[in-house]
Structures are given as structure tokens and as C-alpha cells.
Amino acid sequence: MKKKVEQISFKARDIISIQDLTREEILYLMEKGKDMYTEEQSGNRYTNSLGKKVLFHAFYQDSTRTINSFNAAMQELGGIVRGFSGKEGTSVMKKECIRDTIVMAEATHADIIVMRHPKDGSVQWAADVAHVPVINGGDGTNEHPTQALLDLFTMYLINNDKLDNVNVGIGGDLAHGRTIRSLCAALSNFDDITIRWAADDILGMPDDVTRCLKKRNVAVIRHKQVKDVLRQVMFYYMTRPQFEMMSGNPVENQKKILKLLDVYRITLEKITGHNFKLMHPLPVNSETREIDYQVYFSAQQHFFTQAENGVFMRKALLDEILEGTIYERFTGILPDEIRIGNNRLKRRIKARRKEGRFIDNIHGGIVLDHLMPKTEDKVKETLKLACGDCDIISAYLHDSDKSFVKTSVTYLDERGLKMVCMCSPDPTVNIIHNGHVHEKYVYLLCRNDNCITRVLEEDVPPRFYKDDGNIKCRYCRHTYEVSNPNMAQFERKHFLATLPSSVIPVGK
Ligand code: NCD
């Protein structure tokens, strides 16, 4: 195996997004995986003694492959596995939050945690809580980095140990699948990559993925028909419709998708005469049958070996992350960095205010300003829920098209502030003491409805980082646009300057 260049180290690292890995790091893992693969082929299984280190799997969503692949990898390396797959039978059913579940994994001596969860950014949150490394086994519609590694590894083995100059077709549900997101990002590290796809708009490639790929010089080509894609690719990566991630009526969705699959299904007839390799992260949905049964017996079928390749890739990764890590005694103390967010965009406090409208008639309390027109009553009701009985006056000023709410509440906790944000994004919070504005900030909460920061009971403090002048959510990594039209440029700029420039690990 090639010698590891100095900068490459996976020791004790979290694996949250495939975007955090460089081309060199990916290729290093490919080579290490290939060594393990070769040993297995020659009848010698690669083993190691990870000193009986413990892998804890916290899978809030169903899994057959990922969980067993991680378990096989860990056990073959001499480690031990425990955890849960599916919420039933755990205290998640008693409303235990992610934070406490993760601390419990550590309390029962986990050396590494693999987590899967339906919310975007949830695994980054677990990594922020944990003192041990955390691997993302799939978060919402967001990412599945180890799946991307094993997908690349499958291509690498077939393509004579190379990942440049690869022509891939992708199909099925491009819009809601996390495997496609991670695979596309992973491929974008390599040269001369072409991605072809044909799908209906509702299942099509998300615009943000296409934009990112183009920025990284990947050719993304949309075709009218699947057969045009199949003619020109080395690999075709099919995926199942992700019904559980679709909004709207499930019965209607099922009907609509079944109809679309009549056009997009992979059948023997479609693949005959082509020699691409057919991949799929699995599972295939046996009801909708995005891959027809006859195709299973074709020479193109590569998805079962693809699944086995996951064991080599995960072995390579676990070996690298855990080798040489030192056991640290459990303390039960949470990392201090997760106490609060960095989401308060400070605003300038004006010395004078217009008479008779704003806070003049309250001495102390909170005024929520710059609410979206006509949301003031909803905010008022929300505050009643969050704060109980208190004086609340809501107003809508027709001349300025703005709403605000004056309250005698002196303290609004994070859940209360998030509830307000969900009624009207970017509220300006004015804390009034002795008739004066004492503090004034815009409370930013990620706009992605599936982001973990929007789940009140999880109490994830919203955190942002800056990337290329953009504000991005630390958890789901979606770009955040501040909507407040009154925001001065310098206030936004000042806020950006306070943000970290990457998703730096905390608490490790
Ligand atoms: C995928 C997932 O969970 O995202 N499964 C897997 O890990 N192989 C794909 C899917 O469920 O469709």
C-alpha cells in the first residue's frame, strides 16, 4: 500500500460529510480497502485487534446493510458492537433526546458511534455532544458519506484503481435520496467526471447539487430518456423512491411514482446490449420494483458486490479512526461549546425612536420587531404558549408594512425564540430595561424544515459558519439568506466576521 502522506490522518475524526474528505484522503481509503479486498480474495481475512474497542450504533431509522456492514467491519477488526436499530425498545420512545442518548452511549463505554436519523444535521449534533468520534450512517435527505465511499470503491475496483474519467448515470429518486447527494459530492473530487440523468422534475437532480457539481467542473447532463443515459455510461446508479422523505399525501405520492416508474424502471429490455455496471445502494422496493427481477440475473448487476464492498471500506475507515486512540475515562460532562448558539446577529441600537409606536409605553419586556406582515397574531398566540399569561400587544403598521409584538415577558428561552422564528423568520428581538433598548439582535434559525435545529425538543442551539461569504447552518449546511430588509450591510458583515470559517469539531 502507498505510504500515507503526512497530512492524511483519520485518527479520532468524525465522518459527517463526504465534503470533509479530500481527494487524497479518499484515494488513501480506496487503497487501504483494496488491500483488505485482496486479502479476502486470497482466502485471508484482514483482522486487527482494536483492543476490544466498542462501536455503538444509534440507528433511529431502519437499516439492514449499513448497520450490519459496520458491525461486521468492527468485529472482524477485533472490536465489539452494541446499540440499537430502530427506536422501538429504546428510551427514544419515552421522548429521550439525541443529546442524552449519545451521552448514554458514552456512559456505556462506546469508543466510536455510528448514527442514522431522519433529520438533516442530526449526526453533526451528535458529534458535537460526543467526546468520541461519530460517523454519519445517513442523516435525513442530507448525506451518507460511508455509502459514497463504498460506491466509489466499487467503481475504483472495476475501473482499474482509478476514479478519474468516469461516466456515471444516476436514476430513480434524485430529489430525496442522501446517497446520491454524497456520491455526487464524492465524485466531484476527480477529473473528467460526467454525470447523466433522466427523471421527471419531481424526482430530478436538486438545483443546489447541480450548481455545486458544475462549480467543481463536473459535466452534468440531463437526458430525456433513460435509454439515452444507459447507452453512454460505465456505471448506472439506480435508487428507490424515498417515500418517507416526500411531503404531501403518501397514497397520492405512491400512485404518482408508480406511474413514473413505468418509464424509469430498469428492465431487461432496457439494459440489453449495454455493458455498464448496474449499482444501487439498496434496498430495492419490492412493491414499486425500480429494478425488475430479471435484471438480477444479468451480467450488469453489481449491487450485491457493491454491498460487500461496504465491509472493506468500513473496515478501512474504522481501522484508521480508532488505531492508536487512547481510552478516555467517562466524565458525564457535556462540552461547554454546545451550551449556546452563535445565531444572534447583533443590531445597532438607535438612540432615538419614533414617538408613540414602539416601546414607549413599556418599561421592561421584549419587543419582537420586523415580523412578517400579518404574522403578529400568530406570534402572539405562540408567545402565550411559550410564556403563559403575560401582557402582549400585537400591531401591524399599514404605513410601513411591518408587524411587531410588545410583551411584558422579560425572558424568552431558545424554544420560545425558535417558535417565534417558525411563525416569522428573522425576528428582531429588543430586550427592554428601564424603558431603554438594552440589547437588540436578529435571531437566526435555519430555514430547512428538516433541519435538526428546528426540532424544539432536541434543543440544538442554532450555529452557523461562513463559507465563501455565505452564512451556512452548521448542522444541515444549507445556505442561510437573512431576509430582514432593514439589515444594514455592515451589521451582516460584522456578524459574518464572528463566524468560524468551517465546521470545526467541538468537544473532542
Ligand atoms: C440507503 C439509505 O439509507 O439512505 N440505504 C443504505 O444505506 N444502503 C438507501 C435507501 O434507503 O434507499
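Residues numbered from 1 in each chain as written. Predicted model: local features only at pLDDT ≥ 70, side-chain atom pairs only at ≥ 80, totals over all residues.

A. Main features of the site of the ligand. Taken together, the residues surrounding the ligand are Arg65, Thr66, Gly138, His144, Gln147, Arg178, Thr179, Thr239, Arg240, Pro281 and Leu282. Looking at the shell around the ligand, the elements with two or more residues in it are helix H2 (65-76) and helix H6 (178-187). (Near = placed C-beta within 6 Å. Helix = DSSP H or I, 4+ residues; strand = E, 2+ residues; numbered from the N terminus.)

B. Region of interest: the domain arrangement of the protein. Examined at the domain level, the protein breaks down into domain 1 (18-140), domain 2 (146-301) and domain 3 (339-498). A C-alpha centroid distance of 38 Å is found between domain 1 and domain 3. Counting from both sides, the interface comprises 10 residues of domain 1 and, opposite them, 14 residues of domain 3. In terms of residue count, helix H4 (residues 122-129) provides more of the side of domain 1 that touches domain 3 than any other element does, three residues in total. When the residues that make up the side of domain 1 that touches domain 3 are grouped by side-chain class, the tally is three nonpolar, four polar and three charged. (Domains from an automatic or database assignment. Contact = placed C-beta atoms within 7 Å. Nonpolar A, V, L, I, M, F, W, Y, C, P; charged D, E, K, R; others polar.)

C. The sheet that holds strand E14 (residues 428-433), seen in detail. Pairing is antiparallel in the open sheet, where six strands are placed in the order E10-E15-E14-E11-E13-E12. Of all strands in the sheet, those bounded by a partner on one side alone are strand E10 (344-346) and strand E12 (392-397). In this sheet, neighbouring strand axes are inclined to one another by 25° on average, regardless of whether the strands run parallel or antiparallel. Bridging between strand E11 (residues 365-371) and E14 involves five bridges; their strand directions are antiparallel. What sits directly across from glycine 365, in E14, is isoleucine 432. (Pairing = 2+ DSSP bridges. Axes fitted to C-alpha atoms, helices over the stretch in contact; angles between N-to-C directions.)

D. Spotlight on the nonpolar core. Grouped together as the largest cluster of nonpolar side chains are 125 residues, with contacts concentrated most on Ile113, Ala126, Leu152, Leu187, Tyr236 and Leu278. With nine residues, the single largest contributor to this core is helix H11 (residues 303-322). Not counting the four nearest positions on each side in its chain, leucine 187 is found in contact with Val166, Val168, Ile193, Ile195 and Val218. (Core = buried A, V, L, I, M, F, W, Y, C linked by C-beta atoms within 7 Å. Buried ≥ 20, exposed ≤ 12 C-beta atoms within 10 Å, placed from the backbone.)

E. Focus on the sheet that holds strand E17 (residues 470-473). Sheet architecture is open: three strands sit in the order E16-E17-E18, paired in antiparallel fashion. The open sheet has two free edges, formed respectively by strand E16 (464-467) and strand E18 (479-480), since each of these has just one partner strand. Here E17 runs beside E18; their pairing, made up of two bridges, is antiparallel. Note that in E18 the partner of lysine 472 across the bridge is threonine 479.

F. Seen up close, the pairing of strand E15 (residues 436-443). The sheet contact formed by E10 and E15 spans three bridges and is antiparallel. Across the sheet, residue arginine 344 finds its bridge partner in E15, namely tyrosine 443. Bridge count for E14 against E15 is six bridges, and the pairing is antiparallel. Along E15, the bridge assignment pairs threonine 428 with valine 442.

G. Layout of helix H13 (residues 414-423). When we look at burial in H13, the residues that qualify are Leu417, Lys418, Met419, Val420, Cys421 and Cys423. Next to the buried residues of H13 lie E11, helix H12 (376-387) and E15.

H. Highlighting the environment of lysine 406. Considering the arrangement of structural elements, one finds lysine 406 in strand E13 (residues 402-407). Separated by 59 residues in sequence, lysine 406 and tyrosine 465 place their C-alpha atoms 31 Å apart.

I. The arrangement of H2 in detail. With 12 residues, H2 should cover 16 Å at 1.5 Å per step; its first-to-last C-alpha distance of 16 Å lies within 8% of that length. Two residues or fewer after H2 comes glycine 78, characterised by a positive phi angle close to 90°. (Expected span 1.5 Å × (residues − 1).)

J. Quick peek at unusual backbone geometry. Look at the link from leucine 282 to proline 283: it is a cis peptide, with omega at 5°. You will see that aspartate 161, though not glycine, has its phi angle at about 60°, which is positive. Relative to the elements of secondary structure, aspartate 161 occurs in the loop between helix H5 (145-158) and strand E5 (167-171). For asparagine 434, which is not glycine, the phi torsion reads 50° and is therefore positive. Inspection of the secondary structure puts asparagine 434 in the loop between E14 and E15.

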